[in-house]
Amino acid sequence: MALPRWTIAIAGPLVALIIAATPANADQHLTASSEFIQSLADRAINTLTADGQTPEMRRQEFRGLFREGFAINGIARFVLGRYWRGASEADRTEYMALFEDVIVNTWADRFSEYSGEKFEVQQAVNAPSAHKAENVAIVRSLFFSDPQTPVRIDWRVASRGDIYKITDVSVEGISMANTQRDEFSSVIRSNSGEISALLDILRKKRDG
Amino acid sequence: MPLLKRGSGRILGVALLAVALTACAGTPNDDPDAAADVEINDPLEIPNRFIFAFNVGLDQLVLQPAAVTYRDLMPDELKVPIGNLIANLFMPLSFLHSMLQGDFERAEMAASRFVASAPTLFLGNPFPDRAPVYEDAGQTLGVWGAGTGPYIMLPVLGPSNVRDTTGTIVDFFIDPLGIVAGSQATIGRGVGSAVLSREGNLEQVRDLQRNSVDYYAAVRSLYGQRRVAEIKNGSLEATQAAPTIGLELDFEPAPKQSSAATTQ
């Protein structure tokens with residue numbers, strides 16, 4: 001039995017209206033940010049904690065994930081703070097490369113000590129964005145180094161269209177970007193505002 | 001509800017804040033790279049670094065060995081009750097400060113943790129069903145709106161600031177444990193919790209010493225951020241750090257950087 005024509009006449013626009021009114025678009029980036037973190041973490045755990053890897057292999061894999069998942073340039077520049085402006089082009093280039101190398105080495109080696117820890121994404125909330133074109137989400141997660149006392153890790157994820165990047169990681173409320181920035185500016189300040197002392201230390205850390 | 005509990009201290013807070021802010025007010029700055037610079041309030045940096053070096057030495061000589069000994073020699077079955085006992089002894093103070101902060105939810109958490117453990121207090125509450133909450137006078141002053149004041153490295157006690165040092169002194173007099181059981185009890189609890197938390201942080205501290213570019217500055221930064229997080233009791237707003245990092249430098253796929261392949 002065919003439906004009366006009037007039902008279609010009403011139902012058609014109604015369906016369209018419901019689809020349009022669904023608030024999916026507004027907070028879509030929250031879901032997508034959570035999924036982004038979960039999948040990045042899964043890949044990191046799978047590839048970096050696998051058996052029989054040399055430190056070099058682990059570092060190479062971590063570098064790939066780090067470049068894909070983190071706003072490295074934005075973070076590196078933020079961490080240098082006001083001293084970015086005074087730095088020469090050569091210093092900036094070297095600094096960017098060193099910053100990435102040192103983080104890659106440190107974190108790839110840390111991953112070698114993990115095995116079988118559980119990681120659980122909990123919720124994502126909107127955070128203020130300094131840029132109109134970008135959404136920012138804070139994705140809250142728990143890392144279970146032991147089952148009783150999970151560590152709270154909050155990921156700040158900025159997104160533009162289909163591009164999602166982590167701009168900061170907070171562990172128990174302590175921001176990695178802020179900590180790194182405080183350290184770097186302390187080194188530079190005690191060297192009368194010259195970035196060279198910091199580059200020296202970073203070079204030693206990379207090679208050490 | 002959160003607005004209400006924060007609001008109750010606000011009136012007193014505004015008065016304290018006005019005084020405190022004059023000490024640490026920054027000038028507005030148009031430079032985007034400097035905009036997020038939080039001016040580090042450490043006018044005593046030179047003596048602080050000196051005391052820090054002393055504390056690090058003391059840690060290596062006394063606290064770290066004590067923590068390692070505890071980790072290696074204390075039977076695991078006893079570690080849980082000992083940890084719980086020490087946590088429980090903080091609950092009366094946490095209850096008092098939760099009340100002073102107008103945070104009745106956490107006051108209830110502290111009270112029920114303590115009461116539930118009372119029958120087995122010296123067995124250390126073998127089956128805690130409530131997580132401990134930690135509140136102190138420094139946090140209460142923070143909730144009331146007091147600024148931190150300059151950073152202070154206290155001998156033996158470690159990182160602090162003017163607000164939290166004031167809090168430590170206040171707590172020495174108003175801690176219910178001290179009133180009921182005497183100051184030996186609070187000192188004993190303090191020593192115990194120092195060893196236990198050091199035991200919990202053995203790897204993290206070693207990692208930080210090895211990987212930081214300026215250990216003193218790293219500890220100062222961590223202390224300041226941790227206190228902010230503790231005052232906000234882990235609410236998500238507490239973690240809105242680094243909001244100025246956008247994607248404008250990373251919107252395009254990152255160019256291959258030259259030193260990448262040559263890294264050891």
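My aim in this report is to walk through the structure given alongside it, one point at a time. What you see is a predicted model; the values in this text were computed from it and never measured.

With that settled, the discussion passes to helix α10 (residues 183-200) of chain B. Residue and element names in this part refer to chain B. Over its 18 residues, α10 runs 26 Å from end to end, which matches the ideal 26 Å to within 8%, given 1.5 Å per residue. For α10, the full list of buried residues reads Thr186, Arg189, Val195, Arg198 and Glu199. Packing partners of the buried residues in α10 comprise α4 (45-73), α5 (76-100), α9 (176-181) and α11 (202-211).

Here the focus is the packing of helix α4 (residues 72-80) of chain A against helix α7 (residues 176-189) of chain A. All names here are of chain A. Contact geometry for α4 and α7: axes closest at 7 Å, N-to-C directions at 45°. Classified by the interaxial angle, the pair formed by α4 and α7 is oblique. When the axes of α4 and α7 are compared, the crossing they make is right-handed. Each of Ile75, Phe78, Val79 and Leu80 in α4 lies in contact with α7, whose residues at this interface are Ala177, Gln180, Arg181 and Phe184. Grouping the constituent residues of the contact of α4 with α7 by class yields six nonpolar, one polar and one charged.

What the five strands build is an open sheet, ordered β1-β2-β3-β4-β5 (chain A); its pairing is antiparallel. Since the sheet does not close on itself, it has two edges, and those belong to β1 (118-127) and β5 (174-175) of chain A, each with one partner.

This brings us to the packing of α7 of chain A against helix α12 (residues 215-231) of chain B. It is the contact of α7 of chain A with α12 of chain B, at a shortest axis distance of 8 Å, that shows an interaxial angle of 145°. In this structure, the crossing between α7 of chain A and α12 of chain B has a hand that is right-handed. In this structure, α7 of chain A contributes Asn178, Thr179, Asp182, Glu183 and Ser186 of chain A to the contact, and α12 of chain B contributes Ala217, Ala218, Arg220, Ser221, Leu222 and Gln225 of chain B. When its residues are assigned to classes, the contact of α7 of chain A with α12 of chain B shows three nonpolar, five polar and three charged.

Right, let's talk about the pairing of strand β4 (residues 163-171) of chain A for a bit. Residue and element names in this part refer to chain A. Bridge count for strand β3 (residues 151-160) against β4 is eight bridges, and the pairing is antiparallel. Bridging from a neighbouring strand, Arg156 pairs with Asp168 of β4. The hairpin formed by β3 and β4 contains two residues between the paired strands, and Gly161 there has a positive phi angle of roughly 60°. In the sheet, β4 pairs with β5 via two bridges, with the strands oriented antiparallel. For Val171, the partnering residue across the bridge sits in β5 and is Ile174. Hairpin connection of β4 to β5: two residues between the antiparallel strands, including Glu172 at a positive phi of 50°.

Conventions used here
Residues numbered from 1 in each chain as written. Chains lettered and ligands numbered in written order. Predicted model: local features only at pLDDT ≥ 70, side-chain atom pairs only at ≥ 80, totals over all residues. Helix = DSSP H or I, 4+ residues; strand = E, 2+ residues; numbered from the N terminus. Expected span 1.5 Å × (residues − 1). Buried ≥ 20, exposed ≤ 12 C-beta atoms within 10 Å, placed from the backbone. Contact = placed C-beta atoms within 7 Å. Axes fitted to C-alpha atoms, helices over the stretch in contact; angles between N-to-C directions. Parallel < 35°, antiparallel > 145°, perpendicular 65-115°, else oblique. Left-handed = near helix turned anticlockwise from the far one by under 90°. Nonpolar A, V, L, I, M, F, W, Y, C, P; charged D, E, K, R; others polar. Pairing = 2+ DSSP bridges.

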